[in-house]
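Listed here are the chains, written in short residue letters.
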Amino acid sequence: CTRKKNGRLPVLSALELGGVKIARDDVVRDDPTNNVPDSIFSKLGMQLHKRNQHPIGILKNAIYEYFDANYSNKFDKFDDLCPLVSVKQNFDDVLVPADHISRSYNDTYYVDSQTVLRCHTSAHQAELLRDGHTHFLVTGDVYRRDSIDSTHYPVFHQMEGFRVFSPKEWEASGLDGTSYAADDLKKCLEGLARHLFGAVEMRWIDAYFPFTNPSFELEIYFQEKWMEVLGCGVTEQEILRNNGQLDSVAWAFGLGLERLAMVLFDIPDIRLFWSNDERFTSQFTKGKMGIKFKPFSKFPPCFKDMSFWINESFTENNLCEVVRGVAGDLAEEVQLIDNFTNKKGMTSHCYRIAYRSMERSLTDEEINELQRKVREQVETKLNVELR
Ligand code: FA5
Ligand code: MG
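Quantities reported herein were computed from a predicted structural model and do not represent experimental measurements.

The rules behind these values
- Residues numbered from 1 in each chain as written.
- Chains lettered and ligands numbered in written order.
- Predicted model: local features only at pLDDT ≥ 70, side-chain atom pairs only at ≥ 80, totals over all residues.
- Heavy atoms only, no water.
- Donors = N, O, S within 2.8 Å, 3.2 Å for Na, K, Ca; no water.
- Helix = DSSP H or I, 4+ residues; strand = E, 2+ residues; numbered from the N terminus.
- Pairing = 2+ DSSP bridges.
- Core = buried A, V, L, I, M, F, W, Y, C linked by side-chain atoms within 4.5 Å.
- Buried < 20%, exposed > 50% of the residue type's maximum accessible area, 1.4 Å probe, protein only.
- Contact = heavy atoms within 4.5 Å.
- Near = heavy atom within 4 Å.
- Polar contact = N/O pair within 3.5 Å; in protein donor to acceptor, adjacent residues only side chain to side chain.
- Areas by Shrake-Rupley, 256 points an atom, 1.4 Å probe, with all protein chains shown as cover.

Participant: How do you make sense of the coordination of the magnesium ion (ligand 2) when you look at a structure like this?
Facilitator: Tetrahedral coordination by four donors puts the ideal angle at the metal at 109.5 degrees, and octahedral coordination by six puts it at 90 or 180 degrees. Taken together, Glu-217 (OE) and Glu-228 (OE) make up the protein donors of the magnesium ion (ligand 2), found 2.2 to 2.6 Å from the metal. Separated by eleven residues along the polypeptide, Glu-217 in strand 12 (residues 212-222) and Glu-228 in strand 13 (residues 225-235) bring together distant segments of the chain.

Spelled out as structure tokens, the structure:
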């Protein structure tokens with residue numbers, strides 16, 4: 001274990017992931033093909049989904065229970081697959097086009113030009129199919145450069161579900177394979193939602209994913225808004241054919257476990273899942289689903305605005321990475337509140353940053369210091385002109 005010069009966080013120098021030993025220098029490097037910060041490396045190996053007393057682990061077990069109770073054909077379960085995967089596994093194997101934005105350094109954490117921190121559990125579909133699995137669930141931590149608010153975090157957990165049907169299963173129904181699989185998929189997920197929530201307001205939205213067609217998203221009404229909790233669809237034939245399933249059809253889904261757990265346990269902010277504060281962790285019990293989280297602090301947020309002239313390479317994800325790098329989990333939200341272009345064609349953005357700790361009250365000096373550092377780094381790292 002080494003201690004960083006500037007920070008309070010001890011950063012592990014090596015860890016075991018899916019049976020593979022990985023050193024910090026293998027993941028975080030000063031190298032143009034690497035954009036993984038220490039704050040992300042420090043989350044590797046935490047595996048919240050394997051903690052039976054943590055909301056994410058409790059939820060995983062409850063979903064396992066639903067599948068065990070409803071399918072005589074057991075789903076094979078994986079929750080220890082290494083989150084470092086190849087570009088091929090994460091993108092090519094699931095037919096993500098070469099120019100798709102999700103492949104960009106702006107959206108995905110690259111360890112090197114051929115290796116990423118998986119941005120979804122779909123990265124494991126192809127290898128599991130090739131290994132002969134036809135019914136499976138894959139749970140794991142996934143990583144994305146993303147915005148900052150109460151339902152987005154750069155590390156979160158997904159559960160992938162996959163089910164293959166052979167022709168004799170749909171032929172008897174009189175439906176074509178695709179319709180049969182789509183019906184079965186929706187029934188499965190609606191049943192899961194009832195198992196987890198009882199009554200809850202939800203709706204299906206048509207969606208697009210490169211690996212399924214048709215594709216859908218499920219939204220649940222939470223905190224006065226519709227919140228997307230999962231993506232799913234009927235698997236593209238090409239994926240099945242490429243991996244040894246010639247005449248079959250299949251469905252697949254990817255659940256956002258934090259989002260579901262927020263609804264289930266009434267957890268208002270996604271940062272809480274990472275809290276080591278006993279006032280959070282002690283509220284949950286292995287196997288218990290009915291618990292509602294009782295907030296232990298309602299410190300007011302502090303808002304700071306910042307305006308600058310953007311340049312061509314400016315992106316909101318890069319800004320959020322700077323803010324998280326400085327403020328970590330003290331950054332609650334980053335929101336664009338003003339945007340205009342002047343006569344010379346220069347574009348100005350104004351962002352409002354909300355700072356708040358879930359665990360204690362912050363002092364004015366502390367917040368001013370955070371904001372000062374953010375301004376400094378926004379200028380030096382993003383090359384924008386502060387106004
Ligand atoms: C996917 O990741 C697809 N792989 C899901 C899928 C699998 C579709 C199989 C079809 C077949 P998406 O990017 O929408 O899709 O993410 C899935 C879920 O992850 C979202 O619905 C949301 O619940 C959750 N999610 C996405 N980004 C974040 C984030 N930054 N923080 C927390 N949860 C997130
Ligand atoms: Mg989505």
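There's plenty left to go through after this.
Participant: Can you walk me through the pairing of strand 16 (residues 331-341) in this structure?
Facilitator: Regular strands show a simple pattern: their side chains alternate between the two faces of the sheet. For strand 16 and strand 17 (residues 347-355), the ladder comprises nine bridges, and the chain directions are antiparallel. By the bridge assignment, Gln-335 is partnered in strand 17 with Arg-352. Between strand 16 and strand 17, which follow one another and run antiparallel, lie five residues, and Gly-345 among them has a positive phi close to 85 degrees.

Participant: Would you mind showing me how to read the nonpolar core here?
Facilitator: One broad trend across soluble globular proteins is that nonpolar side chains are buried collectively. Phe-67 and Leu-255 are the most contacted members of the largest nonpolar core, which totals 71 residues. When residues in this core are grouped by element, the largest group, nine residues, is from helix 7 (residues 177-197). Dropping the residues within four chain positions of it, Phe-67 is found in contact with Phe-75, Leu-137, Cys-188, Trp-251 and Phe-253. Grouped together as the second largest cluster of nonpolar side chains are 24 residues, Val-334, Tyr-351, Ile-353 and Val-378 included.

Participant: How should the site of ligand 1 be read in this particular structure?
Facilitator: Neighbouring ligand 1 are 26 residues; His-120, Ser-122, Arg-144, Asp-146 and Glu-228 lie closest to it. A distance of 2.8 Å separates an oxygen atom of ligand 1 from a polar side-chain atom of Arg-144. Measuring from a nitrogen atom of ligand 1, one finds a backbone N or O atom of Tyr-153 at 3.2 Å. Starting from 680 Å² of accessible surface for ligand 1 in isolation, the protein chains cover 94%. Of all the secondary-structure elements, those providing two or more residues to the shell around ligand 1 are strand 10 (155-165), strand 12, strand 13 and strand 14 (249-256). Of all the elements, strand 13 adds the most residues to the shell around ligand 1, at five residues.

Participant: Quick question: what am I supposed to make of the sheet that holds strand 15 (residues 302-309) here?
Facilitator: Here four strands make up an open sheet; going across it, the order is 16-17-15-18 and the pairing antiparallel. Looking along the sheet, the strands with just one partner apiece sit at the ends: strand 16 and strand 18 (385-386). The pairing of strand 15 with strand 17 spans eight bridges and is antiparallel. When the bridges of strand 17 are listed, Trp-309 appears paired with Ser-348.

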